[in-house]
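# Breakdown of the fold
The primary structure of each chain is shown beneath.
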Amino acid sequence: MSNYLIYYDNEDKMQEWMSVLMEVVKTQRVGLVSSFFPIIGNLSVIENILLPLTYHHKITYHAALDIVRKDMEKFEIMDIMHYRSNQLNDFQKMIVKYLQVKYLRAEWTVFFSPRRMYIAEYEEKFHQFLRCEDLKKSVIIDHENHRHLFDDMQDYTEKDFDTWVTLDLKISNLK
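## Considerations on the packing of helix 2 (residues 45–56) against helix 4 (residues 90–102)
Contact pair helix 2 / helix 4: the axes reach a minimum separation of 7 Å and the direction vectors enclose 20 degrees. Taken together, the axes of helix 2 and helix 4 are roughly parallel relative to one another. Crossing geometry of helix 2 relative to helix 4 is assigned as right-handed. Each of Val 45, Asn 48, Ile 49 and Pro 52 in helix 2 lies in contact with helix 4, whose residues at this interface are Val 96, Leu 99 and Gln 100. Among the residues making up the contact of helix 2 with helix 4, the classes are represented as five nonpolar, two polar and no charged.

## What to know about helix 1 (residues 11–24)
The α-helix advances 3.6 residues per turn, and as a result positions three or four apart in sequence lie on the same side. Between its terminal C-alpha atoms helix 1 stretches 20 Å, which fits the 20 Å expected from 14 residues at 1.5 Å a residue. Looking at the packing, one finds that the buried side of helix 1 touches strand 1 (2–8), strand 2 (30–34), strand 3 (108–112), strand 4 (137–143) and helix 6 (161–168). Sitting at the amino-terminal end of helix 1 is Asn 10, which places a side-chain oxygen 3.0 Å from the backbone nitrogen of Asp 12.

Reading the values: rules and limits
Residues numbered from 1 in each chain as written. Predicted model: local features only at pLDDT ≥ 70, side-chain atom pairs only at ≥ 80, totals over all residues. Heavy atoms only, no water. Axes fitted to C-alpha atoms, helices over the stretch in contact; angles between N-to-C directions. Helix = DSSP H or I, 4+ residues; strand = E, 2+ residues; numbered from the N terminus. Parallel < 35°, antiparallel > 145°, perpendicular 65-115°, else oblique. Left-handed = near helix turned anticlockwise from the far one by under 90°. Contact = heavy atoms within 4.5 Å. Nonpolar A, V, L, I, M, F, W, Y, C, P; charged D, E, K, R; others polar. Expected span 1.5 Å × (residues − 1). Polar contact = N/O pair within 3.5 Å; in protein donor to acceptor, adjacent residues only side chain to side chain.

Structural data, given as structure tokens:
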């Protein structure tokens, strides 16, 4: 299992890393879960989740619907399946974005500045999500001021961004 915590110390570094990741996703199976990427506003929650699943997997619409419903039940969001993004709370938006990434068949799941995706009242839910979801290769990139929020994450080890990109993603020219 390769799960890492990576911390940035300023907004410029965060923007630089996001730029690097935007280039990485063009050639590698890296899924980004971030508030920087909106949910398609004119689609419902279930349509937003079905879109990558039906596009990236060769399955029928009904089979895809069954898969999505199971995950929506798992995350207790069945009651919002027909909502639009402006009707969701921050944590629900994060779950929808995660499910989109999950169905992209990403090799790595990157939660970029997750603390920006939800307000403090969802902190425990986010940690519970991370503990319960079987993430084989995931990275949480957040501001160093939030380091204490991840102290109890035993499945995650701290790593330097450049090291992760170089060793794990095997990219030598970062810039």
